[in-house]
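Descriptive structure summary
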Amino acid sequence: MKIAVFALFLAVASAQYYSEPSYYKTPESYSPMPYNFAWGVKDDASYNNYAHSESSDGNVVTGSYRVALPDGRTQIVYYRADSNGYVADVKYEGEARYPENKPSYSSYSAPAYKAPSTPVYRAPAAPVYVAPRAPTYGSVSAPSYGSVSAPAYRAPSAPSYVAPRAPAASAYQSPTPVYRGSSAAQGYTTQPVPLAYRG
């Protein structure tokens, strides 16, 4: 409901602010001008006989036209057009004549019927049977197999064992004892003591 009211509001607003484009010009109004014309055709060879005439004083238009009808009559129409509308008066001249329909019957001959000729039947020729040729087989040589030599087997050589070398004797040098100061004054023996026995 709200959408419909909003759409109606937009339509009214756009109609209020609409302005005609600048290139649009109101057509100028001209006062009616009097005129008159008349023409006609009459050709007896083609049975054409018609005419048209019309005149106007600027407010009222009057005129008439005539047409030759196929039945031999001539239709004449007088008309008047003004602010009240269009009024026509239709009249006919002459008498309608319709030609009598006299069909012409010509002698009717029955169509000549020809019996179809008897069809000639020809027996088809007997088929000629041709025996197929016997297949030719060529000689097939036996496959040749070459001699195969026995595989040569070589015994593996015995492994050679190399004894490890004996470790060389280490050269041991006993350390030389170092004496400091007078041993007599200190109360030490002068006998050297091996290093392995020092406490």
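Above this note sits the structure.
To keep things clear, this report deals only with the structure shown in the data block. (Residues numbered from 1 in each chain as written. Predicted model: local features only at pLDDT ≥ 70, side-chain atom pairs only at ≥ 80, totals over all residues. Heavy atoms only, no water.)

**Regarding the overall build of the protein chain**
Selection criterion: The helix count covers DSSP runs of H or I at least four residues long, the strand count covers runs of E at least two residues long, and both are numbered beginning at the N terminus. Each residue's exposure class comes from its accessible area (1.4 Å probe, protein chains only) as a fraction of the maximum for that residue type: buried when under 20%, exposed when over 50%, partly exposed otherwise. We call two residues in contact when some of their heavy atoms are within 4.5 Å. Computed with a 1.4 Å probe, the accessible areas rest on the Shrake-Rupley method; for each residue, only the protein chains presented here act as cover.
Across its full length, the protein chain carries two helices and five strands. When the helices and strands of the protein chain are listed from N to C terminus, the series reads α-β-β-β-β-β-α. Looking at the protein chain as a whole, 7% of its 199 residues are labelled buried. Sequence separation of at least 24 residues holds for 11% of the intrachain contacts in the protein chain that already meet a minimum separation of 6. Summed over all atoms, the accessible surface of the protein chain reaches about 20400 Å², with 58% contributed by carbon and sulfur.

**Overview of the pairing of strand S3 (residues 61–68)**
Rules: Strand pairing is assigned whenever DSSP detects at least two bridges linking the two strands.
By the bridge criterion, six bridges tie strand S2 (residues 48–56) to S3 in an arrangement that is antiparallel. Paired with Ser55 across the bridge in S3 is Thr62. Note: S3 against strand S4 (residues 74–82), eight bridges, orientation antiparallel. Residue pairing across strands places Val61 opposite Ala81, the latter belonging to S4. Connecting S3 to the antiparallel partner S4 that follows it, the hairpin turn spans five residues, and Gly72 within it adopts a positive phi of roughly 100°.

**Things to note about the pattern of salt bridges**
The cut-off we apply is this: The term salt bridge refers to a side-chain nitrogen of Lys or Arg lying within 4 Å of a carboxyl oxygen of Asp or Glu.
Under the criterion given, the structure shown has four salt bridges. Lys42 is paired through a salt bridge with Asp44; the nearest N and O atoms lie 3.6 Å apart. Comparing Lys42 with Asp44, the two get one shared label, exposed.

**Overview of a nonpolar patch on the surface**
The test is simple: Every patch collects residues that have over 30% relative accessible area and no salt bridge, joining them within 9 Å if they carry like charges and within 5 Å if they are nonpolar side chains (Val, Leu, Ile, Met, Phe, Trp, Tyr).
A contiguous nonpolar patch, built from Tyr35, Phe37, Trp39, Val41, Tyr50, Tyr65, Val67 and Tyr86 and spanning about 710 Å² of accessible area, is present on the exposed surface. Top contributing element to the nonpolar patch by residue count: strand S1 (residues 35–43), with four residues. Checked against the element boundaries, Tyr35 lands in strand S1.

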